[in-house]
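So you can see what is in the structure, the chains are spelled out below.
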Amino acid sequence: MLLCIDCGNTNTVFSVWDGHEFVATFRTATEHQRTADQYWVWFSQLMEHRHVPIEIGGVIISSTVPRVVFNLRVLCDRYFDTRPYVVGRPDCLLPVPPRVDAGTQVGPDRLVNTAGAFDRHGGDIIVVDFGTATTFDVVAHDGAYVGGVIAPGVNLSLEALHMAAAALPHVDVTKPQKVIGTNTVACMQAGVFWGYVGLVQEITARIKGEYDRPMRVVGTGGLAPLFATGEVLFDDIEDDLTMHGLTVIHRYNKEHA
């Protein structure tokens, strides 16, 4: 079985792929202080609870937090007796290299989303990922990442609003019943929800205009289904796009080792 680890700025996700489907997925907070032994205790107990045997034959990691990679490598060496592939490192090959400005380092999460989207939908894709940041990744006809857009994430914007304005409370992200709020919470929810609907609509429209050919829009990330209820923003929603991309990159490396 393949263990896919997606380490984001806020959460880290472990998913176990048996070659046909993901048989177990676990989420934890991203903390660079967490040791390999702590990861093992947490992971092994959850696997036992799900009655899934721990027979990990390979590991692939995507991490936007470089400081956590060392302990994840130790975890793989100590408990799985394997050396993981780490997306973005020279020894981890990509099906199609990105085409960006010289010297630009593309985030591994964006490379993984690109690989997953191209494998499932082909090229000419815009991937909208609702994470700590809201990112727009442009996937060319041949599967290359060719650029994109980075905007503040939804929860990050809400947290900044709460922190900067003492009178404003912390609110959950939800679709308001109407645009005009009649209380503080409703006003904030309307601003965030419809503001991000407008952001997605405008940026995807401008990308399509610049790209100058038909494009498919794929939404991913935990909040994608919520924002899809506001307007027709996406052609598809993929809740496991990142994990699928990790399996695609791992398979490519095994075939070209």
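Since the structure is predicted, the reported quantities are computational estimates derived from the model, not experimental observations.

Caption draft 1: Just the overall build of the chain, in detail. The helix and strand inventory of the chain stands at seven helices and ten strands. In terms of overall dimensions, the chain is globule-like: its C-alpha atoms have a radius of gyration of 19 Å, near the 18 Å expected for 257 residues. Along the first, second and third principal axes, the C-alpha atoms of the chain reach 60 × 45 × 35 Å. Taken over 257 residues, the chain has a buried fraction of 46%. Long-range pairs, those at least 24 residues apart, make up 58% of the contacts in the chain with a sequence separation of at least 6. Only carbon and sulfur atoms are counted for the fraction: they give 51% of the accessible area of the chain, which is about 13000 Å². Here the chain holds 19 positive side-chain charges and 29 negative ones, and the gap between their average locations is 2 Å.

Caption draft 2: Molecular detail of the pairing of strand S7 (residues 133-139). For S7, the tally of buried residues reaches six of seven residues, placing the bulk of the element in the interior. When strand S6 (residues 125-130) meets S7, the two strands line up antiparallel, connected through six bridges. Across the sheet, Asp 129 pairs through a bridge with Thr 135, a residue of S7. The antiparallel pairing of S6 with S7 creates a hairpin that spans two residues between the two strands.

Caption draft 3: Structural detail: the packing of aromatic side chains. The tally for this structure, following the rule as stated, stands at 14 aromatic pairs. Measuring from centroid to centroid gives 5.0 Å for Phe 14 and Trp 42, while their planes differ by 80°, and the two rings are edge-to-face. Residue Phe 14 is located in strand S2 (residues 11-17), and its partner Trp 42 is located in helix H1 (residues 36-49); the two are separated by 28 residues in the primary sequence. Trp 42 shares its class with Phe 14; the two are buried. Ring centres of Phe 26 and Phe 43 lie 6.2 Å apart, and the angle between their planes is 75°; on these two criteria the pair is classed as edge-to-face. With Phe 26 in strand S3 (residues 22-29) and Phe 43 in helix H1, this residue pair connects regions lying 17 residues apart in the sequence. Across this residue pair, the class does not change: Phe 26 and Phe 43 are buried.

Caption draft 4: View of unusual backbone geometry. Unusually for a residue other than glycine, Asp 124 sits at a positive phi of about 55°. Locating Asp 124 in the fold gives a position in the loop between helix H3 (108-121) and S6. A relative accessible area of 13% places Asp 124 in the buried class. Phi is positive for Asp 212, close to 65°, though the residue is something other than glycine. The topology assignment puts Asp 212 in the loop between helix H5 (184-211) and strand S9 (216-220). Judged by its relative accessible area of 66%, Asp 212 falls in the exposed class.

Caption draft 5: Region of the structure containing the sheet that holds S3. Taking strand neighbours across the sheet as the criterion, the five strands line up as S3-S2-S1-S4-S5 in an open arrangement whose pairing is mixed. Looking at strand neighbours, the two that pair on one side only are S3 and strand S5 (85-86), the edges of this open sheet. When strand S1 (residues 2-7) meets S2, the two strands line up antiparallel, connected through six bridges. Bridged to Leu 2 within S2 is Trp 17. Helix-sheet contacts for helix H2 (residues 69-79) involve S1, S2, strand S4 (58-63) and S5, and the interaxial angle to S4 is about 175°. In the packing of helix H7 (residues 241-255) onto the sheet, contacts are made with S1, S2, S3, S4 and S5, and the angle to S1 comes to roughly 125°.

Caption draft 6: The pattern of salt bridges, seen in detail. Evaluation of the coordinates by the stated rule reveals eleven salt bridges. Arg 251 is paired through a salt bridge with Asp 119; the nearest N and O atoms lie 3.6 Å apart. Taken together, the residues span a long stretch of sequence, with Arg 251 in helix H7 and Asp 119 in helix H3 at a distance of 132 residues. Given a relative accessible area of 39%, Asp 119 falls into the partly exposed group. Within this structure, Arg 120, Glu 238 and Asp 240 form a network of salt bridges that share partners.

Parameters and conventions
- Residues numbered from 1 in each chain as written.
- Predicted model: local features only at pLDDT ≥ 70, side-chain atom pairs only at ≥ 80, totals over all residues.
- Heavy atoms only, no water.
- Helix = DSSP H or I, 4+ residues; strand = E, 2+ residues; numbered from the N terminus.
- Rg over C-alpha atoms; globule rule 2.2 N^0.38 Å.
- Buried < 20%, exposed > 50% of the residue type's maximum accessible area, 1.4 Å probe, protein only.
- Contact = heavy atoms within 4.5 Å.
- Areas by Shrake-Rupley, 256 points an atom, 1.4 Å probe, with all protein chains shown as cover.
- Lys, Arg positive; Asp, Glu negative; His and termini not counted.
- Charge placed at Lys NZ, Arg CZ, Asp CG, Glu CD.
- Pairing = 2+ DSSP bridges.
- Phe/Tyr/Trp six-rings, centres within 6.5 Å; stacked < 30°, edge-to-face > 60°.
- Axes fitted to C-alpha atoms, helices over the stretch in contact; angles between N-to-C directions.
- Salt bridge = Lys/Arg side-chain N within 4 Å of Asp/Glu carboxyl O.

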